[in-house]
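Architecture at a glance
Given next are the chains, with one letter for each unit.
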Amino acid sequence: GQSLEQPSEVTAVEGAIVQINCTYQTSGFYGLSWYQQHDGGAPTFLSYNALDGLEETGRFSSFLSRSDSYGYLLLQELQMKDSASYFCAVLSSGSARQLTFGSGTQLTVLP
Amino acid sequence: DSGVTQTPKHLITATGQRVTLRCSPRSGDLSVYWYQQSLDQGLQFLIHYYNGEERAKGNILERFSAQQFPDLHSELNLSSLELGDSALYFCASSGGGGTLTEAFFGQGTRLTVV
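Residues numbered from 1 in each chain as written. Chains lettered and ligands numbered in written order. Predicted model: local features only at pLDDT ≥ 70, side-chain atom pairs only at ≥ 80, totals over all residues. Heavy atoms only, no water.

A look at the interface of chain A and chain B
Our working definition: Working rule for contacts: check all heavy atoms of both residues, and any pair within 4.5 Å makes them a contact. Buried area is a sum: the accessible area each of two parts loses on coming together, probed at 1.4 Å, counted once for each and added. N or O atoms within 3.5 Å of each other form a polar contact, as long as, within protein, one can give a hydrogen and the other can take it, and as long as residues adjacent in sequence are counted only when both atoms are side-chain atoms. Secondary structure elements are defined from DSSP: runs of H or I of at least 4 residues count as helices, runs of E of at least 2 residues count as strands, and each element is numbered from the N terminus. Each residue gets one label: Ala, Val, Leu, Ile, Met, Phe, Trp, Tyr, Cys and Pro are nonpolar, Asp, Glu, Lys and Arg are charged, and the others, such as Gly, are polar.
Listed by partner, the interface residues are 20 residues for chain A and 23 residues for chain B. Carbon and sulfur atoms supply 59% of the area that chain A and chain B bury against each other, a total of about 1700 Å² over both sides. Where chain A meets chain B, there are three residue pairs in polar contact (both at pLDDT 80 or more). At the level of elements, β4 (29–37), β5 (44–49), β9 (84–92) and β10 (99–101) of chain A are the ones that each hand at least two residues to the side of chain A that touches chain B. Residue composition of the side of chain A that touches chain B, by class: 11 nonpolar, eight polar and one charged.

Below you can see the structure in the form of structure tokens.
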């Protein structure tokens, strides 16, 4: 099966940098994704890592270490609108593809 | 707009009843995933269909079933509803069978069981 762990809550101030960690256990790993969800809204895709290393997309970066079964999402120059829940998700490999989400990290950005 | 359409947006029904939630994936996407999100909870994977065939099953109750039709739309059937089934139900779609680097979510169906 698959399981993911991420912190339940993170608080930071505007303009700061925050890192949300995710560790996973999976039988067959294909890649790690990150999604953002504002209250009551649909999750939206932020980033995807299949290989080790850092992927940068504007203010957001995502990192993966396959050997450590670990990844993180880095948010820079935080803005109030970044207050949301952030989910890491593992895509399992093989014919039985399954996209399994962590329980989410609620990020609160303070003025 | 993600291109994924879910209907209805809201549904209120009584315990013991049966409902059907519908999902139309993005044009060209062959995979449809269903998720349940209870209040302040994460996204619980229910089931994955690819091109009409069931590919993976998560923690889906026996009272729940799903299918994907030849036109690729999918339906999630929930029966013998209980109060605890009240939740947001999302479907997501993604590109054909190879890599899934991005899943597109619909706006969800908010189910309230009273």
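We are not done yet, so read on.
Topic: the side chain of B:Ser74
All names here are of chain B. Definition in use: The cut-offs for exposure are 20% and 50% of the maximum accessible area for each residue type, with area from a 1.4 Å probe on protein chains only; residues under the lower value are buried, those over the upper are exposed, and the others partly exposed.
With respect to the element layout, Ser-74 can be found in strand β8 (residues 74–78). Of the residues examined, Ser-74 reaches a relative accessible area of 0% and is grouped as buried. Separated by 2.9 Å, the side chains of Ser-74 and Trp-34 make a polar contact. Once residues lying within four places of it in the same chain are set aside, the contact partners of Ser-74 are Leu-21, Arg-22, Cys-23, Val-32, Trp-34, Gln-67 and Gln-68.

With respect to the sheet that holds strand β3 (residues 19–24) of chain B
All names here are of chain B. Note the following rule: DSSP-based pairing: two strands are paired if at least 2 bridges between them are found. Between the N-to-C directions of two axes lies an angle of 0 to 180 degrees, each axis being a line fitted to C-alpha atoms and, for a helix, fitted only over the stretch in contact.
Pairing is antiparallel across the open sheet formed by four strands, whose spatial order is β1-β3-β8-β7. Every interior strand has two partners, whereas the edge strands, β1 (5–7) and β7 (64–68), have only one. Shown here is a sheet whose adjacent strand axes are inclined to one another by a mean of 15 degrees, direction ignored. Sheet topology note: the β7/β8 ladder contains five bridges and is antiparallel. Residue Gln-68 lies in a different strand from β8, and its bridge partner there is Ser-74.

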